[in-house]
Amino acid sequence: MAPASPVRGMLLCHAGPHRLAFAAHEVVSITSPGGEAAASAALAFRAPPGASRVLVATSGGTVGVDALEIDSETHWLMPVPGVVASASGGSLRGFVLARGALWPLLGLADFERFLRGLPRGAA
């Protein structure tokens, strides 16, 4: 397992009661839902889709989340354990301990592709 490395600038997001984090540099903009439907992060947890904010990736892909906070602190990125490495389609980058909780740090564009590949009835 690789040693922990520092990460600074994240968006700490919620999909229902579930936590997700994305590196701030991967987000081009944050918008309101509308127009083309964003891939809802809730689908990864087999929850009904929905979102109050949409993260737009540099690739143009979009992921909907229920809530988000910007975190500019430096946190240590813990590596992905081998047992869960492929569980999110390769989008899981590691875990960070922020605000007293463990947050999975995901690659935004990779996570959006993973969500789009889930079966329509995944919720």
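Labelled according to an unreviewed UniProt entry, the protein chain appears under the name Protein CrdC, originating from Myxococcus landrumensis.

Caption draft 1: Representation of the overall build of the protein chain within the structure. The secondary structure content of the protein chain amounts to one helix and nine strands. Listed by position from the N terminus, the elements making up the protein chain come as β-β-β-β-β-β-β-β-β-α. Whereas a compact globule of 123 residues would reach a radius of gyration of roughly 14 Å, the protein chain reaches 14 Å, a difference of no more than 12%. Along the first, second and third principal axes, the C-alpha atoms of the protein chain reach 40 × 30 × 25 Å. Counting over 123 residues, the protein chain shows a buried share of 40%. Considering only contacts in the protein chain between residues 6 or more positions apart, those separated by 24 or more positions represent 59%. On the protein chain, roughly 6600 Å² of surface is accessible, and the fraction owed to carbon and sulfur atoms is 58%. Distance from the positive charge centre (9 side chains) to the negative charge centre (8 side chains) of the protein chain: 4 Å.

Caption draft 2: Layout of the environment of L43. Position of L43 relative to the elements: it lies in the loop between β4 (39-40) and β5 (53-57). Note: C-alpha distance between L43 and G64 (21 residues apart in sequence) is 10.0 Å.

Caption draft 3: How the structure looks around the pairing of strand β7 (residues 67-78). Relative to β7, strand β1 (residues 5-15) is paired through nine bridges, and the arrangement is antiparallel. What sits directly across from R8, in β7, is T74. Where β7 meets strand β8 (residues 92-98), two bridges bridge the pair, whose relative direction is antiparallel. Note on β8: the bridge partner recorded for L77 is V96.

Caption draft 4: A look at the nonpolar core. Counting residues in hydrophobic clusters, the biggest one holds 21 residues, and the most contacted among them are L20, F22, L55 and F111. Contributions of two or more residues to this core are made by β1, β2 (18-23), β5, β6 (62-65), β8 and α1 (108-116). Top element by residues in this core is α1. It accounts for four residues. Not counting residues within four places of it along the chain, the set of residues in contact with L55 comprises L11, C13, F22, V27, S29, I30, G61, T62, V63, V65, L68 and L108. The next biggest cluster of nonpolar side chains, apart from the first, holds 10 residues, and it includes M10, L12, V96 and A101.

Caption draft 5: Up close: a nonpolar patch on the surface. A surface patch of nonpolar side chains, amounting to about 260 Å² of accessible area, comprises M78, L97 and L102. Relative to the elements of secondary structure, L102 occurs in strand β9 (residues 101-106).

Caption draft 6: Seen up close, the side chain of S91. Take S91: it is sitting in the loop between β7 and β8. Engagement of the side chain of S91 in a polar contact is seen with the backbone oxygen of S88, the distance being 2.8 Å. Setting aside its immediate chain neighbours within four residues, S91 contacts L105, L106, G107, D110 and F111.

Caption draft 7: Molecular detail of the packing of aromatic side chains. Inspection of every chain in the model, using the stated rule, returns two aromatic pairs. Seen from their ring centres, F22 and F111 are 5.9 Å apart, and the 45° between their planes marks the pair as tilted. Taken together, the positions of F22 in strand β2 and F111 in helix α1 put the pair 89 residues apart, joining distant regions of the chain. Pairing F111 with F114 gives two aromatic rings, centres 6.1 Å apart and planes at 25°, and the pair type is stacked. Here the residue F111 and the residue F114 both occupy positions in helix α1, the gap between them amounting to three residues, near one helical turn. Aromatic rings pair up to connect F22, F111 and F114 into one cluster.

Here is what the cut-offs are and how they apply
Residues numbered from 1 in each chain as written. Predicted model: local features only at pLDDT ≥ 70, side-chain atom pairs only at ≥ 80, totals over all residues. Heavy atoms only, no water. Helix = DSSP H or I, 4+ residues; strand = E, 2+ residues; numbered from the N terminus. Rg over C-alpha atoms; globule rule 2.2 N^0.38 Å. Buried < 20%, exposed > 50% of the residue type's maximum accessible area, 1.4 Å probe, protein only. Contact = heavy atoms within 4.5 Å. Areas by Shrake-Rupley, 256 points an atom, 1.4 Å probe, with all protein chains shown as cover. Lys, Arg positive; Asp, Glu negative; His and termini not counted. Charge placed at Lys NZ, Arg CZ, Asp CG, Glu CD. Pairing = 2+ DSSP bridges. Core = buried A, V, L, I, M, F, W, Y, C linked by side-chain atoms within 4.5 Å. Patch = residues over 30% accessible without salt bridge, like charges linked within 9 Å, V, L, I, M, F, W, Y side chains within 5 Å. Salt bridge = Lys/Arg side-chain N within 4 Å of Asp/Glu carboxyl O. Polar contact = N/O pair within 3.5 Å; in protein donor to acceptor, adjacent residues only side chain to side chain. Phe/Tyr/Trp six-rings, centres within 6.5 Å; stacked < 30°, edge-to-face > 60°.

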